[in-house]
Every structure is written in structure tokens, then in C-alpha cells.
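Fold and geometry: a report
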Amino acid sequence: MQTTTPMLELVDIYKSFGDVEVLKGISAKIDKGELLTFVGPSGCGKTTLLRIVGGFTTATSGQVILDGEDIGKLPPNMRNTKMVFQSYALFPHMNVRKNIGFGLKLQKWPKQKIDTRVEELLSLVHMEGLGDRTIDRISGGQQQRVALARALALEPKVLLLDEPLSNLDANLRVVMREEIRNIQERIAITTIFVTHDQYEAMSISDRLLVLHEGVIQQIGSPIDIYERPANEFIAGFVGYVNFLEGTVDAIDEKTNISSVITEYGKLELDHDQEDIKVGDKVLLVIRPETVSLSPSHGTERPNTFHGTVESQMYAGNLAKYTVKFGDKEMVVDHYNPMGSDKFSKYDKVKVTVPRAIHVLKR
Ligand SMILES: Nc1ncnc2c1ncn2[C@@H]1O[C@H](COP(=O)(O)OP(=O)(O)OP(=O)(O)O)[C@@H](O)[C@H]1O
Ligand SMILES: [Mg+2]
């Protein structure tokens, strides 16, 4: 069956600066109306990849296909993509209205049509009434809105945003993040968002493309990235993770429950990994909030290690413990701890890990 053509397709993109290879075979498809985020550590090539899409840098090899057309050789203004730069690049002495309408004027739109479109855009980015202010008389967040409105004026097929929130303070970042997502969804514009902030990426995206050392580590929804990480890098990329090594000892064919031997005892696991066989070495990805703690005495439970509380921190909504068993330390987050057991340093405890944890093949 034929699936719909993606709005944007990157095909095996390589990019070198001199003899340094920055991008090593990037392929990805982006659906119409989707917000995809390029995320990864500083210097991993996010901006370079975005600039290749926008036409500000050419790839060493590979293709950029926009709505079925190879645009790799076209200059930025012929691409039907629009990039918002980190610095916004607004005209400081022009007013908001003129900044937003700038591209329309270049396209020789009639004045009245420009005015109508600019009003529409002012309303879209919640800047009604501020059209006559000059850029140096509006706030950072408002400048961000103007840059966004200007980029959207000619209805590009793909909007490219490079670290659009990095000049804003922490509170405003969250407000503007929600605003951008809101506008993006409302006009259903295909968008690539670049950030080095994992949490920002998780909260704004339909899917994340995680780059590291010039290679895509995983493309997936926030849930895929957090709950089904493809490798150790991704598992450690968002949030804390306790890793535990083990060997698959047996797999029950009826229930698909694997029994995994670790240095600290045996675990029964109901993981979703299909290619795991008896004898495989695996790495268990144990999130702190999935582990439960109970007093050391009391009924024995499966998937339990006995340990000692090494440190504890109580923050009202969360109690955080480090528990030591053997030479292993495990971090345990206990949300909503009010009215439940609390533990102190040196307490003997049982650490119970859930059956459904993600495993990685080693
Ligand atoms: N014009 C250039 N000439 C030479 N090297 C470059 C050039 N542009 C980027 N690089 C190098 O390519 C690598 C990727 O750079 P890029 O700007 O794409 O990273 P980034 O992921 O956007 O990082 P950041 O999060 O810091 O913005 C870096 O090592 C950078 O030094
Ligand atoms: Mg960058």
C-alpha cells in the first residue's frame, strides 16, 4: 500500500568541513504538519544539518527532497523553507509591522494585501496593538514572535527554527515553547526545531531526531526515546537511569518472560525486545521512578534486592534515595511520598524492580 509522501526527506547526507566529517549518512522523513526536533550535544551537527535543509550550507553528498522535489542545489530564497536564526536577525529601527511584511514587500505584494496579511500574523502571534513599535522597544519574547511571524508570512512549506528560545530567560522559555507549539499545530506547518536541551525537545516534539558524533542515534516519539531507547547513549540522554548488566538464563515460550541473572540475583522480566535469546548479555535500563522500596523485613517479593539506604533527600513531592547492594548503587525516586514509608540513612530495605523494564542487547 502506498503511504503518503513525506513533506521533507533527507537522503544519506554527509558533510565534511576540511577533513572533519560532521554528518555521516543522515536519512530521515518528516511528515506534513509534523514538528521534528534535531537534538544532541553541542557540536554534534544540528545547525549544520538545519542549514543544509535551508540552503545556507551545501551537503558534501546526499539529497534534500521537499514535497517530492530535489532542492539540494537551490539557493535559500528558492526553497519554500524559512529559517528563523538564533539572533532573530530583525531590522532594529523598523517597526514590527514592516519587519513582518518585509518579505511580502520584496515579493511586490500590493500594499493593502500586505496590511491584511500583517494584521493576521500579528494576531496569530498575539502582538495585536504592537505593530507600530520599533524592534528596540519590544521585549525578547516579543522579538521572537515577530521573527516567527515574519518567517510565516509567505507560508513556507517547512519552518526551520535554530535554538529559537536560547536568548530568553527560563520562565519565558517555557511560555514561548508552548506558544510556538500552539501556533505550529494551529496552522499545521511542518517544522524542524533545533535545541541542545533534552527536556525542551521532549516537551515540544512529535518526534525527536537524536544526533551524536554525526550519526542518528534514534528517531522516535518522546515516549519511544524515554521508554524504548535504542542504545545506551539514548537511555542516558533524558533523565537518570540505573544500568544493570545481566545474562539471559531462560525464556518461557508461553509467557515470554525472560529470566535474567545479574551479579545481585535473578530477575524475571517481561520486556518487549524480540531479538533476545538465551545466553545473550543484556543491559537493563532501570528508571528511578519505576523502582519501589519497602522495609527489609516482611514478605519476600520477586525481583527484589536487599540493600542499605546510603543517602536520602525529601523534597515534598519526591523522596530520592540512593540504595547500596554489593558494590552497586541504585537511585530510587519515590513520587508523592506523603503518608507512605520513609527511610533514613543506614536503613535496611528491599529494592523491587518492575517486570516490564527495557533491555538492551550488549
Ligand atoms: N563553517 C564551518 N567550518 C568549519 N567547521 C565548522 C563550520 N560550521 C560548523 N563546523 C563544525 O562542525 C561541527 C558541528 O557544528 P554545528 O554548528 O552544526 O553544531 P551544533 O550541533 O549546532 O552545536 P551547538 O549546540 O553548539 O549549536 C562542530 O564541530 C563545528 O565546529
Ligand atoms: Mg547549533
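Residues numbered from 1 in each chain as written. Chains lettered and ligands numbered in written order. Predicted model: local features only at pLDDT ≥ 70, side-chain atom pairs only at ≥ 80, totals over all residues. Heavy atoms only, no water.

1. A few points about the overall build of the protein chain
Counting secondary structure elements, the protein chain contains eight helices and 20 strands. Projected onto its principal axes, the C-alpha positions of the protein chain cover 80 × 45 × 45 Å. Here the protein chain holds 362 residues, and 46% of them are scored as buried. Restricting to contacts in the protein chain with at least 6 residues of sequence separation, those with at least 24 account for 66%. If you sum the accessible surface of the protein chain, you get close to 18300 Å²; carbon and sulfur atoms cover 50% of it. Taking the average location of the 43 positive side-chain charges in the protein chain and that of its 48 negative ones, the two points are 6 Å from each other. (Helix = DSSP H or I, 4+ residues; strand = E, 2+ residues; numbered from the N terminus. Buried < 20%, exposed > 50% of the residue type's maximum accessible area, 1.4 Å probe, protein only. Contact = heavy atoms within 4.5 Å. Areas by Shrake-Rupley, 256 points an atom, 1.4 Å probe, with all protein chains shown as cover. Lys, Arg positive; Asp, Glu negative; His and termini not counted. Charge placed at Lys NZ, Arg CZ, Asp CG, Glu CD.)

2. Comments concerning the sheet that holds strand β12 (residues 258–262)
In spatial order, the strands read β13-β12-β11-β14-β20; together these five strands make up an open sheet with antiparallel pairing. The open sheet terminates on both sides in strands that have one partner only, identified here as β13 (265–269) and β20 (358–361). The mean inter-strand angle of the sheet, taken between neighbouring strand axes irrespective of direction, is 40°. As judged from the five bridges shared by β12 and β13, these two strands associate in the antiparallel manner. The residue of β13 that forms the bridge with T262 is G265. (Pairing = 2+ DSSP bridges. Axes fitted to C-alpha atoms, helices over the stretch in contact; angles between N-to-C directions.)

3. Let's talk about the domain arrangement of the protein chain
Entries for the protein chain in the domain assignment read domain 1 (8–235) and domain 2 (242–361). Spacing between the C-alpha centres of domain 1 and domain 2 amounts to 40 Å. The partner domain 2 presents eight residues to the nine residues of domain 1 that form the contact. Summing both partners gives a buried area of about 700 Å² for domain 1 against domain 2, and 55% of it is carried by carbon and sulfur. It is Y226, E232 and A235 in domain 1 that bury the most area against domain 2; as a group they hold 64% of the surface buried on that side. (Domains from an automatic or database assignment. Buried area = accessible area lost by both parts, 1.4 Å probe.)

4. Comments concerning the pattern of salt bridges
The tally for this structure, following the rule as stated, stands at 17 salt bridges. Across the pair R117 and E155 runs a salt bridge whose closest N-O atoms are separated by 3.9 Å. Of the two residues, R117 is situated in helix α3 (residues 111–124) and E155 in the loop between α4 (140–152) and β7 (158–162); the sequence distance between them amounts to 38 residues. The salt bridge partner of D206 is R181, with a shortest N-O separation of 2.8 Å. Separated by 25 residues along the polypeptide, D206 in the loop between α6 (198–204) and β9 (207–212) and R181 in helix α5 (residues 170–186) bring together distant segments of the chain. (Salt bridge = Lys/Arg side-chain N within 4 Å of Asp/Glu carboxyl O.)

5. Comments concerning a negative patch on the surface
On the surface, D270, D272, E274 and D275 cluster together into a patch of negative charge. By the element assignment, D275 lies in the loop between β13 and β14 (281–286). According to the relative accessible area criterion, D275 is partly exposed, its value standing at 45%. (Patch = residues over 30% accessible without salt bridge, like charges linked within 9 Å, V, L, I, M, F, W, Y side chains within 5 Å.)

6. So, the pairing of strand β11 (residues 242–251)
In terms of strand pairing, β11 meets β14 through six bridges, oriented antiparallel. When the sheet's bridge partners are listed, T247 is paired in β14 with K281. In this structure, β11 lies alongside β12, joined through five bridges in antiparallel fashion. In the sheet register, V248 faces β12, and the bridge partner there is V260. Hairpin remark: β11 followed by β12, antiparallel, with six residues in the connecting loop; positive phi at N256, about 65°.

7. Looking at the site of ligand 1
Neighbouring ligand 1 are F17, V22, P41, S42, G43, C44, G45, K46, T47, T48 and E163. The side chain of S42 places a nitrogen or oxygen atom 2.5 Å from an oxygen atom of ligand 1. A distance of 2.8 Å is found between an oxygen atom of ligand 1 and a backbone nitrogen or oxygen belonging to G43. Sorting elements by how many residues they give to the shell around ligand 1 places helix α1 (residues 46–54) first, with three residues. (Near = heavy atom within 4 Å. Polar contact = N/O pair within 3.5 Å; in protein donor to acceptor, adjacent residues only side chain to side chain.)

8. So, the sheet that holds strand β15 (residues 292–295)
What the five strands build is an open sheet, ordered β15-β19-β16-β17-β18; its pairing is antiparallel. On the outer flanks of this sheet lie β15 and β18 (328–335), each paired with one strand and no other. On average, each strand axis in the sheet is inclined to that of its neighbour by 45°, with strand direction left out of account. Two strands pair when backbone bridges link them, and strand β16 (residues 304–314) and strand β19 (residues 348–352) are joined in this way by five bridges, in the antiparallel orientation. Paired with G307 across the strands is V349, a residue of β19.

9. Some words on the packing of aromatic side chains
Working definition: an aromatic ring pair is given by the centre-to-centre distance plus the angle between the planes. Considering all chains together, one arrives at seven aromatic pairs under this definition. On the numbers, 6.4 Å between centres and 80° between planes, the contact of Y264 with F305 is edge-to-face. Linking Y264 in the loop between β12 and β13 with F305 in strand β16, this pair joins segments that are 41 residues apart in sequence. Relative accessible area serves as the criterion here: at 2%, F305 is assigned to the buried category. For Y264, a relative accessible area of 22% translates into the label partly exposed. What links up through ring pairs into an aromatic cluster is the set Y264, F305 and F325. Over the aromatic face of W109 sits the side chain of K113, whose NZ or CZ is 4.3 Å from the ring centroid. (Phe/Tyr/Trp six-rings, centres within 6.5 Å; stacked < 30°, edge-to-face > 60°. Lys NZ or Arg CZ within 6 Å of the ring centre and 35° of its normal.)

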